[in-house]
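# Structural overview
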Amino acid sequence: MALPDFFVAGAPKAGTTALHAALARHPLLFMSAVKEPKFFLTDGPPPARGGPGDVQTYREHVWRREDYEALFDPAPTGVLRGESTPFYLYNREAQLRIRALIPGARLVVILRDPVERAHSNWTHLWSAGLDPVGDFVLACAQEEDRIAAGWADFWRYTSLGRYGEQLEHLYSVFPREQVLVFRYRALIENPARVLGRICAFLGVPQGVVTEVPRENVTAHPERSLRHWSVSKALRITSAAGHVVPGASALMDSLERVLQRGSPPRQPLTWQQRQALLPRFEADIRLLEVITGEDFGDWLQPRGDSGGLVGTRPAGQRQARNGQPRSC
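Computed from a predicted model, the values in this text were never measured in an experiment. (Residues numbered from 1 in each chain as written. Predicted model: local features only at pLDDT ≥ 70, side-chain atom pairs only at ≥ 80, totals over all residues. Heavy atoms only, no water.)

### Points about the overall build of the protein
A tally of helices and strands in the protein yields 14 helices and 7 strands. Long-range pairs, those at least 24 residues apart, make up 78% of the contacts in the protein with a sequence separation of at least 6. Of the roughly 13,900 Å² of accessible surface on the protein, 53% is carried by carbon and sulfur atoms. (Helix = DSSP H or I, 4+ residues; strand = E, 2+ residues; numbered from the N terminus. Contact = heavy atoms within 4.5 Å. Areas by Shrake-Rupley, 256 points an atom, 1.4 Å probe, with all protein chains shown as cover.)

Written out as structure tokens, the structure reads:
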């Protein structure tokens, strides 16, 4: 039976794609070719409906047990097998399913400033032409309506960043010694040290991998008539994707047009942070109690966005389903 030994379990837009690529370079770690199988998110087939682009993503779920195990069959003898589905931190049912099937699993969790994470999340979907709201704060204000309408978890810009609640549940399911938690900023600012911690946690030699590649760097198309028209066409294609042959290829083509020549993701403003912080303050205090660490800096003004906002590496496109794509 080929099942993973460990998971990069969260959070979305917190460097999991880059970390997956870095760990795959370690000779004693085998990372699944599909970076986000999402196997434990459901007990069977994923939903058939959702928000813009959700149906296409649901089709990429590896939900059959035999297909999931096949991802790890190529692993050499003696190596640890892993996969990276960042929604496992948010999804409580997924945590219970993992515990039931792989009780000794180890989980790696990356925590990113929740406002910055939400902003990167929104920019990802805006850049892909899927979010029709061109204002970050206004898009967050629509979250409850989108949840009620059955849109997928990736649209939950603020809910995905309530790490206190999520870790509180995770620690009720797994012993703390099976969970490693660290900050996204540490991964960006001192990757060698963080990768060393992860390797030590997994029980493989340290110092073998010391760098994190730039993966899944988000562009930021400007609001314009061009963006409006192309993204509208993309959303219409997405909605018809379950009945129109070739819809996925057309969506890829429209997304390339949308992102061509776009500037890097724009940093947050203090005004945007102020508008969103009330959604997170109580949870940040809970997170401090649970972890015993100080996260007060997340409630303060920030001089930079805290993420990879530089130019996207040549030949790289934004990931879909966590898979880096070439132009």
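### What about helix H5 (residues 114–127)?
Taking 1.5 Å per residue, 14 residues should reach 20 Å; H5 reaches 20 Å between its end C-alpha atoms and fits that length. The element H5 is extensively covered by neighbouring structure, given that 14 of its 14 residues are classed as buried. In the stretch just after H5, Gly129 is the one whose phi turns positive, near 80°. (Expected span 1.5 Å × (residues − 1). Buried < 20%, exposed > 50% of the residue type's maximum accessible area, 1.4 Å probe, protein only.)

### Side note on the packing of aromatic side chains
Taken as a whole, this structure holds 14 aromatic pairs when the rule is applied. Here the aromatic rings of Phe7 and Phe40 are separated by 5.7 Å at their centres, their planes lie at 85°, and the arrangement is edge-to-face. In this pair, Phe7 is assigned in strand S1 (residues 6–10) and Phe40 in the loop between strand S2 (29–31) and helix H2 (54–59), connecting sequence segments 33 residues apart. Assessed through its relative accessible area of 2%, Phe40 is described here as buried. Between the aromatic rings of Trp122 and Trp126, the centroid separation amounts to 6.0 Å while the plane-to-plane angle is 20°, which identifies the pairing as stacked. Highlighted residues: Trp122 and Trp126, both in helix H5, separated by 4 residues, approximately one helical turn. For the residue pair Trp122 and Trp126, the accessibility class agrees, reading buried in each case. (Phe/Tyr/Trp six-rings, centres within 6.5 Å; stacked < 30°, edge-to-face > 60°.)

### Observations concerning the pairing of strand S3 (residues 80–84)
Pairing between S1 and S3: 3 bridges, direction parallel. Following the sheet pairing, Phe6 is matched in S3 by Gly82. Examined bridge by bridge, S2 and S3 share 3 bridges and lie parallel to one another. Paired with Phe30 across the two strands is Arg81, which belongs to S3. (Pairing = 2+ DSSP bridges.)

### What about the pattern of salt bridges?
Inspection of the entire model under this criterion finds 11 salt bridges. We note a salt bridge from Arg156 to Asp153, for which the minimum N-O separation is 3.6 Å. Of the two residues, Arg156 and Asp153, neither departs from the other in class, the shared state being buried. With a closest N to O distance of 3.4 Å, Arg185 and Glu189 form a salt bridge. Taken as a pair, Arg185 and Glu189 lie in helix H9 (residues 184–189) at a separation of 4 residues, close to a single helical turn. Accessibility expressed as a relative area gives 23% for Arg185, which makes it partly exposed. Residues joined in a network through salt bridges with shared partners are Lys35, Glu36 and Lys38. (Salt bridge = Lys/Arg side-chain N within 4 Å of Asp/Glu carboxyl O.)

### Comments concerning the sheet that holds S3
As summarised here, the arrangement of the 5 strands in space is S2-S3-S1-S4-S5, forming an open sheet in which the pairing is parallel. Each having just a single partner strand, S2 and strand S5 (179–183) make up the two edges of the open sheet. Between one strand and the next, the sheet's axes are offset by a mean angle of 25°, whatever the strand orientation. (Axes fitted to C-alpha atoms, helices over the stretch in contact; angles between N-to-C directions.)

### Structural notes on the nonpolar core
The nonpolar side chains of a soluble globular protein tend to be buried, and buried together. Ranked by internal contacts, the top residues of the largest apolar core, which has 84 residues, are Leu19 and Leu111. Of all the elements, helix H10 (residues 191–202) adds the most residues to this core, at 6 residues. If sequence neighbours within four positions are ignored, Leu111 has contacts with Leu89, Tyr163, Leu167, Val181, Phe182, Arg183, Tyr184, Leu287, Phe295 and Trp298. (Core = buried A, V, L, I, M, F, W, Y, C linked by side-chain atoms within 4.5 Å.)

### Here we look at empty space enclosed by the protein
Tallying each qualifying case throughout the model produces 2 cavities of 30 Å³ or more. For the largest cavity, the calculated volume is near 50 Å³. (1 Å grid on protein atoms, 1.4 Å probe; cavity = no way out; pocket = protein on both sides within 12 Å on 5 of 7 lines; lining within 4 Å. Points joined across faces, edges and corners; volume = space filled by probe spheres on them.)

### With respect to the packing of helix H4 (residues 92–101) against helix H8 (residues 163–173)
At a minimum axis distance of 10 Å, the contact between H4 and H8 shows a crossing angle of 20°. With respect to H8, the axis of H4 lies roughly parallel. Two packed elements cross with a definite hand, and for H4 against H8 that hand is right-handed. Side by side, H4 and H8 meet where Arg92, Gln95, Leu96 and Arg99 of the first sit next to Glu165, Gln166, His169, Leu170 and Val173 of the second. Along the lines of polarity and charge, the residues of the contact of H4 with H8 split into 3 nonpolar, 3 polar and 3 charged. (Parallel < 35°, antiparallel > 145°, perpendicular 65-115°, else oblique. Left-handed = near helix turned anticlockwise from the far one by under 90°. Nonpolar A, V, L, I, M, F, W, Y, C, P; charged D, E, K, R; others polar.)

### Describing unusual backbone geometry
For the bond running from Gly10 to Ala11, omega is 0°, close enough to zero to count as cis. Structurally, the position occupied by Ala11 is in the loop between S1 and helix H1 (16–23). Phi is positive for Lys13, close to 60°, though the residue is something other than glycine. By the secondary structure assignment, Lys13 is in the loop between S1 and H1. Among the residues examined, Lys13 registers a relative accessible area of 12% and is labelled buried. A positive phi is found at Lys38, a non-glycine position, where the angle reads about 65°. Inspection of the secondary structure assignment puts Lys38 in the loop between S2 and H2.

Honestly, it's all geometry; don't read function into it.
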